[in-house]
Every structure is written in C-alpha cells, then in structure tokens.
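Residues per chain, in single letters:
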Amino acid sequence: MRCAECKGRLFCGLPQCPITSRFHAQVRAAARGREYMGSAPSVFVGSYGYPAVSAGPLMSADADSPPEWVARGLSIEDIVGIRAQTIRGSAQPAAISGQMQEIALSSAPLDVEAGFDRPVSFDLRFDGTVTPVGLSGTIVRLDVIDNARVSRVVDRITSDTDLPAAEACLSLGSDGVDVYQISRLMSVGLLGKKRRIVPTRWAITAVDDTVGTGLKQEIARLSPLTRIEVFSATLHGNTIAVILVPGDWRFEMIEIWGRRSLWAGEEESIVTDGERMKKRGYSPIAGAYYAARLAVLEYLGRTGRSGRAVVVRHAGSEYWAPLGSWVIREATRAAMSSRPVYCATLEEAMTRVDTAIRSPSWRAHSRLIPEMRSQKTLFDF
C-alpha cells in the first residue's frame, strides 16, 4: 500500500483520492453568496497547472495560526469546522498580486472586500502538507481595507532585492519570524532576487527545508550533547518520540501509520528516511519529514549542542482528518519543549520510545540505530 507515501497526491492514478473523498460527505459548510467582507489572515497559491496557477486570499474570521490552535486546545473537529468555513479566493496572480502581498506582509489579519463571479462553492480538500479549506470562489474584485502592519525585519528583508531567497529565509528565521509567515512571503513572491509566485504547498516545505539547512550549518560548529535524551508528545492522534544521541549531525525519521488509521489498512504502514549533513532527494515522508527535522534543529540551536536524532511518528486512528504538515511541526516542537528523559544507554532510550508509541515495530526499520550501535566516533573516546 502506497497511501502512506502518497497522502492524497494521486500516485494511484485515480482522479480523486478514495480515502479523502469521504470527507465531502461528512463535512458540510453553510451556503455563501457572491460577496465577502471580513478578515483575510493568509493567502493561498495553487500548484495545479504550474506555472499557470491561480491564487488568492484565504478569508476567515480565524487567524489561520496553527500555534494559536494548539494553545487554544482546539480538537480536530474544531479545526475542520473552522476550515470548512474558510474561503479560498481564486484569480490570476497578476490581477491581485499587490493585495496578496499586503496580506502576506502584515503581522495581523487584514480586512478585505471581495466579489465572486458566482456564489462560493463547497470544495473541501485534504492532503498531508496543506491545511484544508472548505469553500472556494473565483474573485472578480478584491479590495484591502486595512493598512498592513509590517515588522521592521520583514520590511527590511522583503525590500532587499539583492538578497537570495535562501538567505532571506534564514535571516527572517534568525530574527524570530516564524516559518508560517516566511512561507507566505515566499509564496507571494516577496523573497529572493528573481521573485515569482510559488505554490503554497511548495513554499511550506521549501521554508522548512531552507531554515533547517541553515540551522544544520550552525550546529555543526557546536559541541555535542553530553548524554542521551528522549522526548515525546502527542497532538491530534500523532505521537512523536525523539531520541537525541551525542555526536555530529545525523537524522532519521520513521513514520508509522497504525492499523485502520487514515493512510493504512488492516496492517501498519511504515516509511523511513534519513540524512547526514546533506539530504539526497525529496523525502518519501514528504512535508512531515522537513517539519519534524526543523523542530529538532530548533531545539539543538536553543541549547547550543549538536547531536544525532531519531524521530518516530505514530499516527493512530484518532487522526481521522489530515490537517497538514503543521501538525507534525507543532507536535515535534511540543516534544522538544517537554522535559527530557536522560538515558544511560541507547537501549534504554529505545525502550522509552516503545512505551511512548506503544509498539516496538519501528526498531526493525531504523538504519541509524544499528549504525550508532556498531560505529564508534571521536565522541566515544
């Protein structure tokens, strides 16, 4: 079964994912007209037909902020309900690029007035990277009512047209701008020398990857951890367990979809990927890999240490609707913010992971664990 790798990206060749299509029958949104007046906290750029894509604002009374959803303790049902009422506006990017850039630049949601060519329609879509949106409509008029509130660092970086996009992402991240706004800025073409519209799904993963790669370069110069640490947390049916081991940077992620969970059938589905200082190719785990890696690197950066990391994600049947890669980012951040459990041996750490995810099945799929068991490094002497 390839569903755990596909996550709705239609690798099967079908015109519509048979797993996610059932949500259209489960979730209903209220009817909307041809006009909207209210908050537009974010933007969305599609990927279909790239480079001839459609784009527009996301219109909702909600702030479109995953960290805020976590802080408020919202359930999957709460988030799906909010997103089912969110409108994705669609137009040719050139027609509304100025308005989209204002929305992306602002540190607070802006009010807009939008007109559609017909009443907006219910079009709830799910996948593993992008947060679902329930309503969509073709925009014929879009006016931004508020003035954008732009932070100094965002204004400085977006005004520098000689700064490469990768350096811009790293500068924003080091100055405390979260990846959620950085991905919006990239998506609407406000970063880099050659500026262009970037599909939202690509921008999310690209920013996680770019900021993470910058952090890897920083921690490569740091002293290693002094002992083995284990972290864990659960968010929306996703349990994340992390083992950190003293040494130079290595990373491995093992993603387990439990029996009868969203992307698995009667048997578990397990996908593994890893890296050294350089990552080869795009991960089969997709956006979740880069989101989890970023959270681990953020922790190492905060603590001023280097190390090797094994991240195990277990998604159970409680995770009944795919909400996007932000779930893995925030779940891993929650784990890395918890009190670490210090272990005397690697075997003890592995037993802690078994307990956290309630299964030892991940062990057989790890390639980094056997390597760390068999190889000695300078840090061992």
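Residues numbered from 1 in each chain as written. Predicted model: local features only at pLDDT ≥ 70, side-chain atom pairs only at ≥ 80, totals over all residues. Heavy atoms only, no water.

Draft legend 1. Structural view of the pairing of strand S7 (residues 133–144). As defined by bridge partners, strand S4 (residues 87–90) adjoins S7 across four bridges and the pair is classed as parallel. Its bridge partner being in S7, Gly89 is matched across the sheet by Gly137. Pairing between strand S5 (residues 110–116) and S7: five bridges, direction antiparallel. Bridging across to S7, Phe116 finds its partner in Ile139. Sheet topology places strand S6 (residues 121–125) next to S7; three bridges connect them, and they run antiparallel. By the bridge assignment, Arg125 is partnered in S7 with Val133. (Pairing = 2+ DSSP bridges. Helix = DSSP H or I, 4+ residues; strand = E, 2+ residues; numbered from the N terminus.)

Draft legend 2. Just the packing of aromatic side chains, in detail. A full pass over the atoms with the stated rule returns eight aromatic pairs. Ring geometry for Phe231 against Tyr299: centres 5.0 Å apart, planes inclined by 70°, an arrangement best described as edge-to-face. One end of the pair, Phe231, is in strand S8 (residues 228–235); the other, Tyr299, is in helix H10 (residues 287–303), and 68 residues separate them in sequence. Overall, Phe231 belongs to the buried group, its relative accessible area being 2%. Ring geometry for Phe251 and Tyr289: centres 5.2 Å apart, planes at 85°, overall edge-to-face. (Phe/Tyr/Trp six-rings, centres within 6.5 Å; stacked < 30°, edge-to-face > 60°. Buried < 20%, exposed > 50% of the residue type's maximum accessible area, 1.4 Å probe, protein only.)

Draft legend 3. A look at the pattern of salt bridges. A full pass over the atoms with the stated rule returns 25 salt bridges. Between Asp62 and Arg72 there is a salt bridge; the shortest N-O distance is 3.4 Å. With Asp62 in the loop between strand S3 (55–59) and helix H3 (66–71) and Arg72 in the loop between H3 and helix H4 (76–84), this pair connects stretches of sequence that are 10 residues apart. Note on Arg72: relative accessible area 45%, which makes it partly exposed. Between Glu255 and Arg313 there is a salt bridge, and its shortest N-O distance comes to 2.5 Å. Highlighted residues: Glu255 in strand S10 (residues 250–257) and Arg313 in strand S12 (residues 308–315), separated in sequence by 58 residues. Residue Arg313 is classed as buried on the basis of its relative accessible area of 3%. Here the residues in one salt-bridge network are Asp248, Arg250, Arg276, Arg308 and Glu371, joined through shared partners. (Salt bridge = Lys/Arg side-chain N within 4 Å of Asp/Glu carboxyl O.)

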